[in-house]
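# Understanding the architecture of this molecule
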Amino acid sequence: MSNTAKLTLEGKEYELPVVVGSENEKAIDITRLRAQTGYITLDTGYMNTGATRSAITYLDGEQGILRYRGIPIEDLAEKSTFVETSYLLLHGELPTQEQWKRFSNLLTYHSMIHEDMIRFFDGYPATAHPMAILSSMVCSLSAYYPESLNVFENMDMQSTRLLSKLRTIAAFSYKKSVGQPMMYPQNHLSYCANFLHMMFATPAERYEPDPDMVRALNILLILHADHEQNCSTSTVRLVGSSQANLFASVSAGICALWGPLHGGANQAVIEMLEEMQQTKLSCKEFVSQVKDKKAKVRLMGFGHRVYKNYDPRAKILKQMAQVILNKKGVNDPMLQLAQELEEAALSDPFFIERKLYPNVDFYSGLLYKAMGIPVNMFTVMFAIGRLPGWIAQCKEMMEDPENKIGRPRQIYTGPTERHYTALADRK
Ligand code: COA
């Protein structure tokens, strides 16, 4: 196969290099296009734009394949822990026993936030969305670690701090919303058990994290840990490309994740199912509504920019939701409704033609609900899971000698030059 592509513009021919990835993904390298031709490419929503070369996550949306550093997501979900998977994403290899111990210890001993920061929580109303608190608190961490402003130093230390403290901030924002005292982390607990402790323990009674829930949380976080160049990760990379510090870059990523078309979808799914239950709308009726474009209703938790097949993460979560709820003897009618809705959508030509399948958000909310996590915390859970991916991608970018500040171009469509008129002359 030729390793160049030919482009003809205004009668002149240009050769553009072809880049091939390790899984045979192909791209036309247009880095020098504007310099050579004066043209730029236009790709709204970056549907065809490769923003970087990356060795972290491989995703094949047609086949429904997702691998971190080459290891299938199914393998990691079955055998790994969130801490180990985070190490894999950050360092490219599974840790040795020694490396695992060190990494795990660092996460344990950096879990507290500065006492002064606890007072920040008092400044928020109890009704504040925890994503607003999370993004501001993460950015505020840079005020407490001024050395983080030098992004090329101490990246590993900043990463560990952030990985450990994010779950503390998340749990404290929940405690604030329910008016309960904040529960400090406990060093004898594992990463996920510690999070459940900070969320659900109270000083009034003994709390033992349920091992099934700890395992379920590990799997949920592993499944969310990275997803290559999605909206929030691209945001983290873009902000980081200006050499803003890691906390600032991740804080921007948290904001990007918040939207209902991205991480906010897990909350939107539960709200959609709740509304169907309240209005007694059948799955068929709801699917008809979704198909009517004028109604502007979307089937939340369905469809994906990249997956044109069943999202492999949704497959694992669907199965896990059934197992966990059965094991706990919970009969959640919402799970049944979700399954019926999925069936109704997957057998409908509208969804078949557009290759719309359940994505990671369709079943994750049901699991969070079973753990007792309130709906407005769902996107926060997504953020905790996605954090190692954000950091790994940011680190990869910083270590790339060819890294440049992200700065897309545009095609200007506004007025051509015109002159200022004085206010008195304007009608
Ligand atoms: N419900 C109903 N129709 C949907 C749909 C959904 N969830 N997702 C996509 N479609 C339809 C669109 O209306 C469009 O139809 P058209 O070709 O007739 O205009 C077609 O499928 C393509 O959708 P589009 O919005 O162009 O795809 P996208 O790649 O820009 O968007 C999402 C991807 C994820 C934003 C989109 O599928 C969505 O909004 N899903 C619901 C939110 C969600 O679950 N987000 C979490 C993602 S992990």
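Below or above, wherever it landed, is the structure these notes cover.

Thresholds applied
Residues numbered from 1 in each chain as written. Predicted model: local features only at pLDDT ≥ 70, side-chain atom pairs only at ≥ 80, totals over all residues. Heavy atoms only, no water. Helix = DSSP H or I, 4+ residues; strand = E, 2+ residues; numbered from the N terminus. Rg over C-alpha atoms; globule rule 2.2 N^0.38 Å. Areas by Shrake-Rupley, 256 points an atom, 1.4 Å probe, with all protein chains shown as cover. Lys, Arg positive; Asp, Glu negative; His and termini not counted. Charge placed at Lys NZ, Arg CZ, Asp CG, Glu CD. Phe/Tyr/Trp six-rings, centres within 6.5 Å; stacked < 30°, edge-to-face > 60°. Buried < 20%, exposed > 50% of the residue type's maximum accessible area, 1.4 Å probe, protein only. Lys NZ or Arg CZ within 6 Å of the ring centre and 35° of its normal. Expected span 1.5 Å × (residues − 1). Contact = heavy atoms within 4.5 Å. Near = heavy atom within 4 Å. Polar contact = N/O pair within 3.5 Å; in protein donor to acceptor, adjacent residues only side chain to side chain. Nonpolar A, V, L, I, M, F, W, Y, C, P; charged D, E, K, R; others polar. Pairing = 2+ DSSP bridges. Core = buried A, V, L, I, M, F, W, Y, C linked by side-chain atoms within 4.5 Å. Axes fitted to C-alpha atoms, helices over the stretch in contact; angles between N-to-C directions. Parallel < 35°, antiparallel > 145°, perpendicular 65-115°, else oblique. Left-handed = near helix turned anticlockwise from the far one by under 90°.

A few words now on the overall build of the protein chain. A count of helical and extended segments in the protein chain gives 18 helices and six strands. In summary, the protein chain has a C-alpha radius of gyration of 24 Å against a globular reference of 22 Å for 427 residues, a match within 12%. Here the protein chain has roughly 22,400 Å² of accessible surface; of this, 52% comes from carbon and sulfur atoms. Averaging the locations of the 45 positively and 46 negatively charged side chains of the protein chain gives two centres separated by 4 Å.

So, on to the packing of aromatic side chains. Scanning the entire structure with this criterion turns up 13 aromatic pairs. A ring pair is formed by Phe 350 and Phe 351, whose centres lie 5.2 Å apart and whose planes are at 65°; its orientation type is edge-to-face. Each of the two residues, Phe 350 as well as Phe 351, counts as buried. Centroid distance Phe 362 to Tyr 363: 5.1 Å. Interplanar angle 90°. Geometry classified as edge-to-face. Members of the aromatic cluster, joined through ring pairs, are Phe 302, Phe 350, Phe 351, Phe 362 and Tyr 363. Taking NZ or CZ as reference, Arg 167 lies 4.1 Å from the ring centre of Tyr 191, over its face. In this structure, Arg 354 is placed above the aromatic ring of Phe 350, and the distance from its NZ or CZ to the ring centre is 3.8 Å.

For the rest of this paragraph, the subject is helix α14 (residues 312-327). Between the first and last C-alpha of α14 there are 23 Å, a value that for 16 residues agrees with the 22 Å anticipated at 1.5 Å per step. Residues of α14 that are buried in the fold lie against β5 (65-68), α2 (73-79), α9 (211-224), α15 (333-346), α17 (360-370) and α18 (378-399). At the exit of α14 stands Gly 329, carrying a positive phi of roughly 65°.

For the rest of this paragraph, the subject is the site of the ligand. Lining the immediate surroundings of the ligand are 19 residues, of which Lys 293, Arg 298, Leu 299, Gly 301 and Arg 305 lie closest. Within the side chain of Arg 354, one N or O atom sits 2.9 Å away from an oxygen atom of the ligand. Calculation on the ligand without its partners gives an accessible area of 860 Å², and the protein chains cover 74% of this total. Looking at the shell around the ligand, its residues break down into nine nonpolar, five polar and five charged.

Moving on to the sheet that holds β5. Sheet architecture is open: three strands sit in the order β4-β5-β6, paired in antiparallel fashion. In this open sheet, the two edge strands, each paired with only one partner strand, are β4 (57-60) and β6 (71-72). Where β4 meets β5, four bridges bridge the pair, whose relative direction is antiparallel. Paired with Leu 59 across the two strands is Leu 66, which belongs to β5.

As a further point, take the nonpolar core. Grouped together as the largest cluster of nonpolar side chains are 116 residues, with contacts concentrated most on Phe 195, Leu 299 and Leu 341. Of the residues forming this core, the biggest block, 13 residues, is contributed by α18. With residues near it in sequence (within four places) discarded, Phe 195 still touches Arg 167, Ala 170, Ala 171, Leu 217, Ile 373, Met 381 and Ile 384.

Between helix α10 (residues 231-240) and helix α11 (residues 246-258), whose axes approach to 8 Å, the crossing angle comes to 150°. Between α10 and α11, the interaxial angle falls into the category roughly antiparallel. The hand of the α10/α11 crossing is right-handed. The segment α10 lies against α11, with Cys 231, Ser 232, Thr 235, Val 236, Val 239 and Gly 240 engaging Ala 248, Ser 249, Val 250, Ala 252, Gly 253, Ala 256 and Leu 257.

Attention now goes to helix α12 (residues 265-279). An α-helix turns once per 3.6 residues; consequently, residues spaced three or four apart project the same way. Between the first and last C-alpha of α12 there are 21 Å, a value that for 15 residues agrees with the 21 Å anticipated at 1.5 Å per step. If you check which residues of α12 are buried, you get Ala 265, Asn 266, Gln 267, Ala 268, Val 269, Ile 270, Met 272, Leu 273 and Met 276. Structurally, α12 contributes buried residues whose contacts are with α13 (283-291), α15, α17 and α18. Immediately downstream of α12, the backbone of Lys 280 shows phi near 55°, a positive value.

Don't take any of this as a statement about function, it's just geometry.
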